[in-house]
Amino acid sequence: MSVAITFVSADGVDVRTVQAAPGTSLLEIAQNAGQPLEGTCEGQMACSTCHVIVDPADFARLPRASEEEDDLLDLAAHVTRTSRLACQIMLDDALGSLKVRMPAEARDMQGR
Ligand code: FES
């Protein structure tokens with residue numbers, strides 16, 4: 001089984017779906033798929049550069065964010081009610097599919 005992950009660019013123009021193996025983090029999949037997420041702290045919950053905006057329908061199906069994650073998200077730019085840290089989302093079979101959008105700021109970090 002695999003999980004179908006759809007990545008939407010910050011401007012909504014670029015949409016791509018990849019198949020991901022359960023047991024990997026969303027950050028890992030995003031980076032392998034060339035998405036602009038820095039993930040500077042490599043999942044140590046110390047940076048928030050792995051911030052993604054989860055599709056509202058999918059957000060409700062994910063396990064809740066920890067308090068630590070919520071605190072870090074408070075510091076991230078362009079946070080929405082369905083924002084999460086990609087390094088904290090572990091993919092599992094039960095999820096089936098997941099759709100996330102890149103926050104606007106992630107594009108800027110790609111270097112202008
Ligand atoms: Fe740093 Fe997720 S990679 S908080």
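Everything in this summary refers to the structure shown in the same document. All figures in this text were calculated on a predicted structure; none of them were measured in a lab.

**Observations regarding the nonpolar core**
Soluble, globular proteins show a tendency: their nonpolar side chains are buried together. Grouped together as the largest cluster of nonpolar side chains are 27 residues, with contacts concentrated most on Ile-5, Phe-7, Leu-26, Val-52, Leu-91, Leu-98 and Val-100. Elements with a minimum of two residues in this core: strand 1 (3–8), strand 2 (15–20), helix 1 (26–32), strand 3 (51–54), helix 3 (67–75) and strand 5 (97–101). At 4 residues, the largest contribution of residues to this core is made by helix 1. Here Leu-26 is in contact with Ile-5, Phe-7, Val-52, Ala-86, Ile-89, Leu-91, Leu-98 and Val-100, once residues within four sequence places are set aside.

**With respect to the pairing of strand 5**
Because side chains alternate across strand 5, one face comprises the buried residues Leu-98 and Val-100, and the other comprises Ser-97, Lys-99 and Arg-101, none of which is buried. As paired strands, strand 1 and strand 5 are joined by 5 bridges and run parallel to one another. Residue pairing for strand 5: Ile-5 is matched across the bridge by Leu-98.

**Describing the sheet that holds strand 2**
Taking strand neighbours across the sheet as the criterion, the 5 strands line up as 2-1-5-3-4 in an open arrangement whose pairing is mixed. A single partner strand is all that each edge strand has here, and the edge strands are strand 2 and strand 4 (83–85). Each strand axis lies, on average, 35 degrees off the axis of its neighbour in the sheet, ignoring direction. Each of strand 3 and strand 4 is contacted by helix 3, which is oriented at about 115 degrees to strand 4, the strand it contacts most.

**Here we look at the environment of Val-8**
The topology assignment puts Val-8 in strand 1. Once the C-alpha coordinates of Val-8 and Arg-101 are considered, the two residues, 93 residues apart in sequence, prove to be 4.5 Å apart. Setting aside chain neighbours within four positions, we find Val-8 in contact with Asp-14, Val-15, Lys-99, Val-100, Arg-101 and Met-102.

Conventions adopted
Residues numbered from 1 in each chain as written. Predicted model: local features only at pLDDT ≥ 70, side-chain atom pairs only at ≥ 80, totals over all residues. Heavy atoms only, no water. Core = buried A, V, L, I, M, F, W, Y, C linked by side-chain atoms within 4.5 Å. Buried < 20%, exposed > 50% of the residue type's maximum accessible area, 1.4 Å probe, protein only. Helix = DSSP H or I, 4+ residues; strand = E, 2+ residues; numbered from the N terminus. Contact = heavy atoms within 4.5 Å. Pairing = 2+ DSSP bridges. Axes fitted to C-alpha atoms, helices over the stretch in contact; angles between N-to-C directions.

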